[in-house]
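Residue-level structure breakdown
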Amino acid sequence: MTLSLVFKTKMTHIFFGGTFDPPHEGHRLLLNQCLAAFPSVKLVIVPAAKPAGAFGQHKEPQATFEQRFEMCRLQFADLIAKGRVIVSALEQTLEAPNYTWRTLEALKASDPDSVWGILLGFDQLQNFAGWQKAEELVDNYDVVAIERPGFETLSAILPKLRGSLGTVESLGSNVYRWGTRDKRLYVLTGELSDAASRVARESIDQAEQKAWLDKKVTDYIRQQKLYDESEA
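Residues numbered from 1 in each chain as written. Predicted model: local features only at pLDDT ≥ 70, side-chain atom pairs only at ≥ 80, totals over all residues. Heavy atoms only, no water.

**Observations regarding empty space enclosed by the protein**
The condition is simple: We place a 1 Å grid over just the protein atoms. Points where a 1.4 Å probe fits but has no way out form a cavity, open points with protein on both sides within 12 Å along at least 5 of 7 lines form a pocket, and any residue with an atom within 4 Å of a point lines it. Grid points are joined across faces, edges and corners, and a volume is the space filled by probe spheres set on the points. Each helix corresponds to a stretch of at least 4 residues labelled H or I by DSSP, and each strand to a stretch of at least 2 residues labelled E; elements are numbered beginning at the N terminus.
A full pass over the atoms with the stated rule returns one cavity of 30 Å³ or more. Counted as a void, the largest cavity has a volume near 60 Å³. Every residue lining the largest cavity is counted, 11 residues in all, and those nearest its centre are Gly26, Leu30, Glu147, Arg148 and Ser193. Here the lining of the largest cavity takes four residues from helix α1 (residues 25–37), the largest share from any one element.

In structure tokens form, the structure reads like this:
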């Protein structure tokens, strides 16, 4: 395990969007690593009502927005109780599909003094150039990227980012300058999880055995008969 770094930042809030179909232990590890690296920042988990995918490959969740919102509330209940993590239903009120730039504009408008960043995994970072208005996101928001097993390494991802988004300059200690407005890319490494929503949907029993899901989430999935689960 790599020792976590603690960063000084102007960010007050970090946006963590996703489908969360279902949320799992891998998401929790991302949140914990980010909370440790940015001790004064609040994290806002925003389940997508109508998820937008990179390069226009939009997703179709199996669970409803309401179900995914509730599973986030259950999976991250202990972090929420500590006061630095909230789950927001904002994207349910926004135009579909839920592009990150549009959500961040709405979050910023609700609190003009806030300074926002974006939390994502390496799986999303490697496709970041395919996000709508990616160059504007780079120019306006810091990004916190956390490695995930099974995806490309940072050394493989950085040339792609430079080729599509311009300069990505190392400042040392896992910090990079990018964009035209001196924004930062922070790279966090540490404890990893092979938890995957797709695999959990295929077998809740397997996800439960691997401790990928909080018990309240597995109980909820079975009670709602999600992902073809029976009452048994």
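From this point on, the discussion continues.
**Quick notes on unusual backbone geometry**
Note that the residue after Asp21, namely Pro22, is joined by a cis bond; omega there is 0°. Here the phi dihedral of Ala211 falls at roughly 60°; this positive angle occurs in a residue that is not glycine. Here Ala211 is to be found in the loop between α9 (204–209) and α10 (215–224).

**Structural notes on the packing of aromatic side chains**
Under the convention used in this document: Pairing of aromatic rings covers Phe, Tyr and Trp, the last through its six-membered ring, and needs centres within 6.5 Å; plane angles under 30 degrees mean stacked, over 60 mean edge-to-face, and all others mean tilted. Relative accessibility decides the category of a residue: with a 1.4 Å probe and only protein chains considered, values under 20% of the type maximum give buried, values over 50% give exposed, and everything between is partly exposed. Two limits define a charge over a ring: the Lys NZ or Arg CZ must be within 6 Å of the ring centre, and within 35 degrees of the ring normal.
In this structure the tally under the stated criterion is seven aromatic pairs. Relative to Tyr186, the ring of Phe38 lies with its centre 5.1 Å away and its plane at 80°, an arrangement referred to as edge-to-face. With Phe38 in the loop between α1 and β2 (42–47) and Tyr186 in strand β8 (residues 183–188), this pair connects stretches of sequence that are 148 residues apart. Taken individually, Phe38 and Tyr186 each receive the classification buried, so the pair is uniform in this respect. Here Lys133 stacks its cationic end above the ring of Trp101, 3.7 Å away from the centre of that ring.

**Some details on the sheet that holds strand β7 (residues 175–178)**
Strand pairs in the sheet, formed through backbone hydrogen bonds, run parallel or antiparallel to each other. Inclusion rule: When DSSP finds two or more bridges between two strands, those strands count as paired. Helix axes use the C-alpha atoms of the stretch in contact, all axes being lines fitted to C-alpha atoms, and the angles between their N-to-C directions lie in the range 0 to 180 degrees.
Taken together, the eight strands give an open sheet; going across it, the order is β3-β2-β1-β4-β5-β8-β7-β6, and neighbouring strands pair in mixed fashion. With one partner strand each, in any of the chains shown, β3 (85–87) and β6 (168–172) form the two edges of the open sheet. Going across the sheet, the axis of each strand differs from the next one's by a mean of 25°, ignoring polarity. Where strand β1 (residues 13–18) and strand β4 (residues 116–121) come together, three bridges link them in parallel fashion. Its bridge partner lying in β4, Phe15 is registered against Ile118.

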